[in-house]
Amino acid sequence: MAADQEQEQEQRRRLLDVASRFPLPTGCRFSYGTAGFRADGATMAPAVCRAGILAALRSLKLAGAAVGIVITASHNPIGDNGVKIADPDGGMMDQQWEPFAAALANAPDPDALLQLVLQFVKDEGIPLGGHHTAQVLLGRDTRPTGEYLLDAALQGINAILGAQAIDMGILTTPQLHWMVRSKNKGIKASESDYFTQLINSFRRMLELLPKDKGGDELAKKLIVDGANGIGGVKLEQIKAELSGLDIIVRNSGKEGEGILNHLCGADFVQKERVTPHGFGPEDVGVRCASLDGDADRLIYFQMSSSSDNKVDLVDGDKILSLFALFIREQLDVINNNGSQVDKSLPARLGIVQTAYANGASTQFLKGLGLEVVFTPTGVKYLHKKALEYDIGIYFEANGHGTVVFSEDFISQLESLSNDLSSQAANCSAQYHAAMRLMAATQLINQAVGDALSGLLLVEAILQYKRWSFQNWCELYSDLPSRQLKVKVVDRSSIVTTDAETKVSQPSSLQELIDKETGKNQINYIMQRNGSVLHSLKYNTRRVSVFDIQIVMSLQPTIPKGDALCVHLVQKMWYECMPRHLRRWKPIVLRNLWHTMWNAFLDNHLQPCLRFCLG
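From a predicted model like this one, the values you see are computed outputs, not experimental measurements.

This brings us to the side chain of Arg436. Position of Arg436 relative to the elements: it lies in helix 14 (residues 429-443). For the buried Arg436, no salt bridge is present, and the opposite-charge side chain at shortest range is Glu329, 6.7 Å distant.

Written out as structure tokens, the structure is:
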């Protein structure tokens, strides 16, 4: 009993001590986003330290299963940093713990933090006190604040008695997630094991290419924009071992080559639709790919002309479509083989998208007879839904996504492969299709979106199908779309339903949208997207930002889409304005629509929505 009391006192002392060393900055409040916390790197130490406490408690709750922490701000500027927490399955931390994570990160003083932890462990039945062990795997990217924040995380983990921190080094975010998943499955989980699995499964997929499909040397050349981040560093390490693919890495993260995520990276290319820094006229006609700073996003592009820096873009929607085509084709070969071998592989294949997906991709996938479902924006929602299928494929347009295979499906696939390999059927199309699927389950990172594994799977499939970049682009034509940000005082005043495709409050807003867009509308989304500081009439105030995206079937030119988007937003403004202010409409139309659009948004739309919603 005395020993238990001593451990309890020691645990209290450690928590108070670490909270004192990392006090919450005055006026600072951390918000838990899609996967964790992010802010200016110089202010992140308290949140990262407390994330260490959280991860250790999570591991204790789950009987000592390994949990992960990766210190990164992904595709954001180099001055930012953040922390993401990986659950034992390699996915995002359970959403039920997010409120506690936010409360812990914002505990105002050491006593408040201690009481919060003690109450939480009591409510959750967590065995605090050193009788059980916890293990937390740590990784970080190449940001200058990473080493300092790693130490903060270590101190947070060590504040929990019995917790063990394992520093896995400088990694991509997907590598850390893969390591957590592998460790909990009893599989070797070092970085070299990760590389070996990728290289071997990619080689196996190339060995399974049909004999009449080889591709030319130009098709095997790939230029990769590494965003001056950790992904470029890792790709440089393994590219020589990727036989059948000639990879050139630009913005590789080498000193002096450029700044992390600055004018480069998947987010930049996808949004701006121009070449990243370091690309020029000599790259016209060559297939190119772009990663983001922590290598969990992937997009493809190609320069079609040397006269400008515009690109033809293949985003996450078309990557998803390529994967779906390939997997569907292998399943069809297995289940409709027409051979003497009576074997089949029943599987429910599901496609998971968000409302940000271009409507043309959804129509294309449904046209193949595939089941397509929608979730709210955020990988944690997509991944959870994908797990409901034997094979779930999800991608966001930004290039973040993966393929997940159920354990039951993999078991059946292994059994089928073994049966076929032991018979004369081991040279059949059915056997090769089964082996391609098996190699794909090893190549893709099933824990989380992974730009490196995704890139290799894309390249293997393109060689298998003997497709050029242009063949891939021509799968379907994207519908014209435009995305803009609208500033409002209180973003909670707009409530959406049906995976953010419909506005429920205020009801008049959805009625207006339906009236203005009619049958021309394919997709519509209003997405809460954080807060920004905004200066209005010389008073700095915090307002919220909504991403609004409208995807239309208007053909053939995008400017028509622009015009409708402008008209819709203007109508939203005009209809919501108090009657005595509507006389401003002709002035707005004449002087602002075409020459001062940004001023229109800042000076007119924002106060109008404040009148309507605030």
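The next subject is the pattern of salt bridges. With the rule as written, the count across this model stands at 24 salt bridges. The closest approach of N and O atoms between Lys239 and Glu236, which form a salt bridge, is 3.2 Å. Its relative accessible area of 25% is what places Glu236 among the partly exposed residues. Two residues, Glu388 and Lys385, come together in a salt bridge whose shortest N-O distance is 3.0 Å. Classification of Lys385 by relative accessible area gives partly exposed; the value is 26%. Three or more residues joined by partner-sharing salt bridges are found here, namely Glu10, Arg13 and Arg14.

Inspection of every chain in the model, using the stated rule, returns 14 aromatic pairs. A ring pair is formed by Tyr300 and Trp472, whose centres lie 5.0 Å apart and whose planes are at 65°; its orientation type is edge-to-face. With Tyr300 in strand 9 (residues 298-303) and Trp472 in helix 16 (residues 469-473), this residue pair connects regions lying 172 residues apart in the sequence. On the basis of relative accessible area, Tyr300 is assigned to the buried category, the value being 0%. In this structure, Arg58 packs its charged tip against the face of Trp97, placed 4.8 Å from the ring centre. Of note, Arg250 hangs over the ring of Phe279, and the distance from its end group to the ring centre comes to 5.0 Å.

Glancing now at the pairing of strand 17 (residues 502-505). Side-chain direction in a regular strand flips from residue to residue, so the side chains alternate between the two faces of the sheet. Pairing of strand 16 (residues 495-497) with strand 17, which is carried by 3 bridges, proceeds in the antiparallel orientation. Residue pairing in the sheet places Thr496 in a bridge with Val503 of strand 17. The loop that links strand 16 with its antiparallel partner strand 17 comprises 4 residues; one of these, Asp498, has a positive phi angle of about 50°.

Among all positions of helix 11 (residues 359-367), only Gly359, Ala360, Ser361, Thr362, Phe364 and Leu365 are buried. Two or three places before Ala360, at the opening of helix 11, Asn358 has a side-chain oxygen 3.0 Å from that residue's backbone nitrogen.

To continue, consider the sheet that holds strand 1 (residues 36-40). Ordered in space as 1-3-2-4-5, the 5 strands form an open sheet in which the pairing is mixed. The sheet terminates laterally at strand 1 and strand 5 (163-170), the two strands that pair on one side only. For this sheet, the mean angle separating the axes of adjacent strands, direction not counted, is 15°. In the packing of helix 2 (residues 45-61) onto the sheet, the strands contacted are strand 1, strand 2 (67-71), strand 3 (80-86), strand 4 (134-140) and strand 5, and the crossing angle to strand 2 comes to about 165°.

At a minimum axis distance of 12 Å, the contact between helix 2 and helix 4 (residues 110-124) shows a crossing angle of 15°. The angle between the axes of helix 2 and helix 4 places the two elements in the roughly parallel class. Judged by the sense of rotation from one axis to the other, the crossing of helix 2 with helix 4 is right-handed. Every residue of helix 4 that contacts helix 2 at Arg50, Ile53, Leu57 and Lys61 is listed here: Leu113, Val117, Val121 and Glu124. By residue class, the composition of the contact of helix 2 with helix 4 is 5 nonpolar, no polar and 3 charged.

Using the residue numbers shown here, the UniProt feature "domain: Alpha-D-phosphohexomutase alpha/beta/alpha" (unreviewed entry) corresponds to residues 60-96 and 131-184. Taken end to end, residues 60-96 comprises 5% helix and 32% strand; its first and last C-alpha atoms sit 16 Å apart.

Let us look at the confidence of the model for the chain. Atom-level detail of predicted coordinates should not be read off regions where pLDDT is low. With 78% of its residues at a pLDDT of 70 or more, the chain shows a mean pLDDT of 83. Here residues 519-566 scores under 50 on pLDDT; set against residues more than four positions off or in separate chains, the count is 149 contacts. A low-confidence stretch, residues 572-614 (pLDDT under 50), is modelled with 68 contacts involving residues beyond four sequence positions or located in other chains.

It is worth spelling out unusual backbone geometry at this point. Residues apart from glycine generally show negative phi values, whereas peptide bonds are mostly found in trans. Here the phi dihedral of Ala227 falls at roughly 60°; this positive angle occurs in a residue that is not glycine. Following the sequence through the fold, Ala227 ends up in the loop between strand 6 (221-225) and helix 8 (230-238). With a phi close to 55°, Arg273 is a non-glycine residue in the positive phi region. If you trace the backbone, Arg273 turns up in the loop between helix 9 (266-272) and strand 8 (288-291).

The mixed open sheet is built from 5 strands, whose spatial order is 7-6-8-9-10. Each end of this open sheet is capped by a strand with a single partner; those strands are strand 7 (246-250) and strand 10 (311-314). This sheet shows a mean twist of 30° between the axes of neighbouring strands, independent of strand direction. Sheet topology note: the strand 8/strand 9 ladder contains 4 bridges and is antiparallel. Paired with Leu291 across the strands is Leu298, a residue of strand 9. Along the sheet, helix 15 (residues 451-465) makes contact with strand 6, strand 8 and strand 9, crossing strand 9 at roughly 55°.

We now examine the environment of Ile166. As for its placement among the helices and strands, Ile166 is situated in strand 5. If we skip the residues at most four places from it in the chain, Ile166 touches Gln135, Val136, Leu137, Leu138 and Lys183.

A word on the pairing of strand 13 (residues 391-395). Within strand 13, 5 of the 5 residues are buried, which leaves the element mostly enclosed by the surrounding structure. With burial as the criterion, each face of strand 13 is covered, one bearing Ile391, Ile393 and Phe395 and the other bearing Gly392 and Tyr394. Where strand 11 (residues 349-353) and strand 13 come together, 4 bridges link them in parallel fashion. Within strand 13, the position partnered with Ile351 by the bridge is Ile393. Both strand 13 and strand 14 (residues 401-405) contribute to a ladder of 5 bridges, which runs antiparallel. Bridging across to strand 14, Tyr394 finds its partner in Thr402.

Conventions used here
- Residues numbered from 1 in each chain as written.
- Predicted model: local features only at pLDDT ≥ 70, side-chain atom pairs only at ≥ 80, totals over all residues.
- Heavy atoms only, no water.
- Helix = DSSP H or I, 4+ residues; strand = E, 2+ residues; numbered from the N terminus.
- Buried < 20%, exposed > 50% of the residue type's maximum accessible area, 1.4 Å probe, protein only.
- Lys, Arg positive; Asp, Glu negative; His and termini not counted.
- Salt bridge = Lys/Arg side-chain N within 4 Å of Asp/Glu carboxyl O.
- Phe/Tyr/Trp six-rings, centres within 6.5 Å; stacked < 30°, edge-to-face > 60°.
- Lys NZ or Arg CZ within 6 Å of the ring centre and 35° of its normal.
- Pairing = 2+ DSSP bridges.
- Polar contact = N/O pair within 3.5 Å; in protein donor to acceptor, adjacent residues only side chain to side chain.
- Axes fitted to C-alpha atoms, helices over the stretch in contact; angles between N-to-C directions.
- Contact = heavy atoms within 4.5 Å.
- Parallel < 35°, antiparallel > 145°, perpendicular 65-115°, else oblique.
- Left-handed = near helix turned anticlockwise from the far one by under 90°.
- Nonpolar A, V, L, I, M, F, W, Y, C, P; charged D, E, K, R; others polar.
- UniProt positions renumbered as here; feature names shortened; annotations may be inferred.
- pLDDT = per-residue confidence, 0-100.

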